[in-house]
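# Chain and residue survey
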Amino acid sequence: MVYFYRGKFFNLMKPTTQQLQSMVVQVRRDILRMVHAVNSGHPGGSLGCTEFMVALYQNIMDRKEGWDMDGRDEDIFFLSNGHISPVFYSVLARSGYFPIAELATFRHINSRLQGHPTTHEGLPGIRVASGSLGQGLSVAVGAALAKKLNNDKHLVFALLGDGELQEGQNWEALMYAAAYKVDNIIATVDLNGKQIDGATDEVLPMGDLVAKFKAFGWEVISIENGNDLQQVIDGLTHARSLTGAGKPVAVMLHTEMGNGVDYMMYSHAWHGKAPNDEQLQLAMMQNVIEELSDY
Amino acid sequence: MDILLNKYSNSGSKDTRSGFGAGLTELGKTNENVVALCADLIGSLKMDDFKKNHPERFFQIGIAEANMIGIAAGLTIGGKIPFTGTFANFSTGRVYDQIRQSVAYSDKNVKICASHAGLTLGEDGATHQILEDIGLMKMLPGMTVINTCDYNQTKAATIAIAEHHGPVYLRFGRPVVPNFTPADQVFEIGKAVLLSEGSDVTIVATGHLVWEALVAADQLLKHNIRAEVINIHTIKPLDEEAILKSLMKTRCIVTAEEHNILGGLGESVARLLTMKDPVPQEFVAVQDTFGESGTPVQLMDKYKLNSGAIIEAVQRVMKRK
């Protein structure tokens, strides 16, 4: 198991929660600076999932050094709600997949860091394009089936938005994964309760998602505060322990959109809107660590 | 006067979908990375043998085509070569965005295999017929589009596409049609097959219309019209060289396909002519309508997709030379 932190690979020892907390702040700064620089992109959901993504790549997933598309003999991850590409790119860069300086090309012409993640430009760390919602879980299930065929005991992780569950394909994938006992997958739902047009409960109420996932045959756990790094690590570690028991595993991750920037929180307004110069400065002041390594 | 038909005699009519099933059976033995997925149409797609021989490599997805395409895309990650099977309508139009994002844009090595294409599935009617699928698929960057003409060719194509890295749309049909191409053929993606040489007109046909083109050529010979018949099994990438070479002799062309006139083989050929060699062209294709219920023969007659229609098109195009 290899961890990449602050430009170095560490073997065997996982970074401490303190180190990861610093990385969370650094990733938040990346997200904010990336979307500010091009005056576009999706900071809200990205900030809400920062702790999750850092925990996943730096603590939970068993990853190989280097990169190949097939991802054999390592845990792999799929981002279904591709619009939170800023957090994905930042965490990938800071986990060693590509140069951190490349974050400056986000959404630029000729960049590998497209508005939504894609394999098309050959960016290491991305295994499928996402952006058009509702497709990632099916792909993750397929990759999990391939792992079984290859006798690869590693896991497939996926992150889905909650609003995204309004897309019917998710429920096809949920039904299939349970029916065929795809028990080497952990699908996390980012429950921030918000989507572009407002609260999910106002746009299209989805009812009791825990009950629905259970009714579809999934093992379901919840992480009550998805913006508490330790809770996320503990929850995902627990989820990991539930795999291999005949059921796919879902994690209901309760997050706050825009977490870490006070004026972005408790609103859907920052789903797809970038801060201006003044707002960026304010957000930066709220996210300071001792050893900054801005790109 | 049956010179042509003797050269390409019918070795026994079969459905093209059974050629797909036979090819898949063969791949099951020869390529352990090949996996197959089906959305509740195993019998219709002739996937029974593969399922029986390799249950661990066969995935019954249920009536959930979007999920099938996504799972197929995922299976490529880990080195599998997924073949999906359902009707052409549910293989393309129903799942266009899944194919576009998870397969084509993501450069995934998925083989989308589609039976019951065009009008000739017959009595089920327009909900199950699709005449737009070639257009939908050929517009996707990186997608290879193949429409085979008989059992032998469909079997050969099925085997060949496993060796090609990249997304492929393989289109075939339901009805029993003449099986006339060699059983031992080597299928070359993107390489047109010259079936008969002629100097008066070029007939470029794909799918079930290839046999009709041969029948038409035979009839035309009785009227001293020598038609050059080209089997374009690969619509994308189009074998432009073969078409242009033929046109140097004939100076006019008829395209024939079981597809809408918009977006099909004919339009691909028209683009080529406009760019490289503008000669008269006539289209044998469905005139921008939906299909309907009927027997395959009735439908091909009503929608003018048979040898008679090809002969008429030849007569029209030769007057325009």
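Only a predicted model underlies this, so the values are computations on that prediction, with no experimental measurement involved. (Residues numbered from 1 in each chain as written. Chains lettered and ligands numbered in written order. Predicted model: local features only at pLDDT ≥ 70, side-chain atom pairs only at ≥ 80, totals over all residues.)

## Remarks on the overall build of chain B
When helices and strands are tallied, chain B shows 14 helices and 14 strands. Taking 321 residues into account, the globule formula puts the C-alpha radius of gyration at 20 Å, and chain B, at 19 Å, falls close to it. Viewed in the frame of its principal axes, chain B has a C-alpha envelope of about 55 × 40 × 35 Å. A burial count over chain B gives 62% of its 321 residues as buried. Counting contacts in chain B only where the partners sit at least 6 residues apart, residues at least 24 apart contribute 81% of the total. (Helix = DSSP H or I, 4+ residues; strand = E, 2+ residues; numbered from the N terminus. Rg over C-alpha atoms; globule rule 2.2 N^0.38 Å. Buried ≥ 20, exposed ≤ 12 C-beta atoms within 10 Å, placed from the backbone. Contact = placed C-beta atoms within 7 Å.)

## Some words on the sheet that holds strand β9 (residues 193-196) of chain B
Strand pairing in a sheet is mediated by backbone hydrogen bonds. Such pairs are either parallel or antiparallel. All names here are of chain B. Pairing is mixed across the open sheet formed by five strands, whose spatial order is β9-β11-β10-β13-β14. With one partner strand each, in any of the chains shown, β9 and β14 (281-286) form the two edges of the open sheet. The mean angle between the axes of side-by-side strands here comes to 25°, regardless of whether they run parallel or antiparallel. Relative to strand β11 (residues 227-231), strand β10 (residues 201-205) runs parallel, the two sharing five bridges. (Pairing = 2+ DSSP bridges. Axes fitted to C-alpha atoms, helices over the stretch in contact; angles between N-to-C directions.)

## Structural notes on helix α5 (residues 136-149) of chain A
All names here are of chain A. The end-to-end C-alpha separation of α5 is 20 Å, in line with the 20 Å expected for 14 residues at 1.5 Å each. Here α5 lies mainly inside the structure; twelve of its 14 residues are buried. Among all positions in α5, only Gly136, Leu137, Ser138, Val139, Ala140, Val141, Gly142, Ala143, Ala144, Leu145, Ala146 and Lys147 are buried. Downstream of α5 by a residue or two, Asn151 has a phi angle that is positive, lying close to 55°. (Expected span 1.5 Å × (residues − 1).)

## Re helix α9 (residues 151-163) of chain B
Counting buried residues along α9(B), ten of its 13 residues qualify, which places the element largely inside the surrounding structure. Buried within α9(B) are the following residues: Tyr151(B), Asn152(B), Gln153(B), Thr154(B), Lys155(B), Ala156(B), Ala157(B), Thr158(B), Ile161(B) and Ala162(B).

## Some points on the interface of chain A and chain B
Contacts between chain A and chain B engage 28 residues on the former and 24 residues on the latter. Mapped onto the side of chain A that touches chain B, the elements with two or more residues apiece are α5 and α6 (169-179) of chain A. With ten residues, the top contributor of residues to the side of chain A that touches chain B is α5(A). When grouped by side-chain class, the residues that make up the side of chain A that touches chain B number twelve nonpolar, eleven polar and five charged. (Nonpolar A, V, L, I, M, F, W, Y, C, P; charged D, E, K, R; others polar.)

## Looking at the pairing of strand β4 (residues 156-161) of chain A
Residues and elements named next belong to chain A. For β4, the tally of buried residues reaches six of six residues, placing the bulk of the element in the interior. Of the two faces of β4, the one lined by Val156, Ala158 and Leu160 and the one lined by Phe157, Leu159 and Gly161 are each fully buried. As defined by bridge partners, strand β3 (residues 76-79) adjoins β4 across four bridges and the pair is classed as parallel. Within β4, the position partnered with Phe78 by the bridge is Ala158. Inspection of the sheet shows β4 paired to strand β5 (residues 185-191) by six bridges, in the parallel sense. Paired with Gly161 across the strands is Asp190, a residue of β5. Of the crossover connections in this fold, the one passing from β4 over α6 to the parallel β5 is right-handed. (Right-handed = clockwise from strand over helix to strand, strands pointing away.)

## Quick word on the nonpolar core
Within the largest apolar cluster, 181 residues are counted, with the highest numbers of intra-cluster contacts made by Ala140(A), Val141(A), Ile185(A), Ile203(B), Ala213(B), Ile310(B) and Val314(B). Each of domain 1 (3-9 + 187-319) and domain 2 (14-177) of chain B gives at least three residues to this core. If near-sequence neighbours (up to four positions away) are discounted, Val314(B) is found in contact with Val201(B), Ile203(B), Ala216(B), Leu220(B), Ile225(B), Ala227(B) and Val254(B). (Core = buried A, V, L, I, M, F, W, Y, C linked by C-beta atoms within 7 Å. Domains from an automatic or database assignment.)

## Thoughts on the packing of helix α5 (residues 65-76) of chain B against helix α7 (residues 96-104) of chain B
All names here are of chain B. As a packed pair, α5 and α7 sit with axes 9 Å apart at the nearest point and diverge in direction by 5°. What the angle tells us is that α5 and α7 run roughly parallel. Residue-level inspection shows Ala66, Ile69, Gly70 and Ala73 of α5 in contact with α7, the latter providing Gln98, Ile99, Ser102 and Val103. When the residues that make up the contact of α5 with α7 are grouped by side-chain class, the tally is five nonpolar, three polar and no charged. (Parallel < 35°, antiparallel > 145°, perpendicular 65-115°, else oblique.)

## Some remarks on the domain arrangement of chain B
Residues and elements named next belong to chain B. Segmentation of chain B into domains returns domain 1 (3-9 + 187-319) and domain 2 (14-177). The centre of domain 1, based on its C-alpha atoms, is set 25 Å off from the matching centre of domain 2. Counting from both sides, the interface comprises 32 residues of domain 1 and, opposite them, 29 residues of domain 2. Those elements giving two or more residues to the side of domain 1 that touches domain 2 turn out to be α10 (209-222), β12 (234-236), β13 (253-260), α12 (265-276) and α13 (296-302).

## Brief notes about the sheet that holds β3(A)
Residue and element names in this part refer to chain A. What the five strands build is an open sheet, ordered β3-β4-β5-β9-β8; its pairing is parallel. In this open sheet, the two strands that pair with only one neighbour each are β3 and β8 (219-223). Across this sheet, the average inter-strand angle for adjacent strands is 20°, counted without regard to direction. Its contacts with the sheet place helix α9 (residues 229-241) against β5, β8 and β9 (249-254), and it is angled at close to 170° to β8.

## Digging into the environment of Gly71(A)
In this fold, Gly71(A) is placed in the loop between α3 (50-60) and β3. As a C-alpha pair, Gly71(A) and Gly125(A) span 54 residues in sequence and 9.7 Å in three-dimensional space. Discounting residues that sit within four places of it in the chain, Gly71(A) has contacts with Ile76(A), Arg127(A) and Ile77(B).

## As for unusual backbone geometry
Residues and elements named next belong to chain B. Between Lys236 and Pro237 the backbone carries a cis peptide bond, its omega angle lying at 0°. One can find Pro237 in the loop between β12 and α11 (240-250). Unlike most non-glycine residues, Lys46 shows phi in positive territory, near 60°. A residue is classified by how many C-beta atoms lie within 10 Å of it, and Lys46, with 23 of them, is buried.

## Comments concerning the packing of helix α1 (residues 17-38) of chain A against helix α10 (residues 277-285) of chain A
All names here are of chain A. Between α1 and α10, the least distance of the axes is 10 Å, while the angle of their chain directions is 175°. With respect to each other, α1 and α10 are oriented roughly antiparallel. For the pair α1 and α10, contact is made by Arg29, Leu32 and His36 and by Leu280, Ala283 and Met284, respectively. Grouping the amino acids of the contact of α1 with α10 by side-chain chemistry returns four nonpolar, one polar and one charged.

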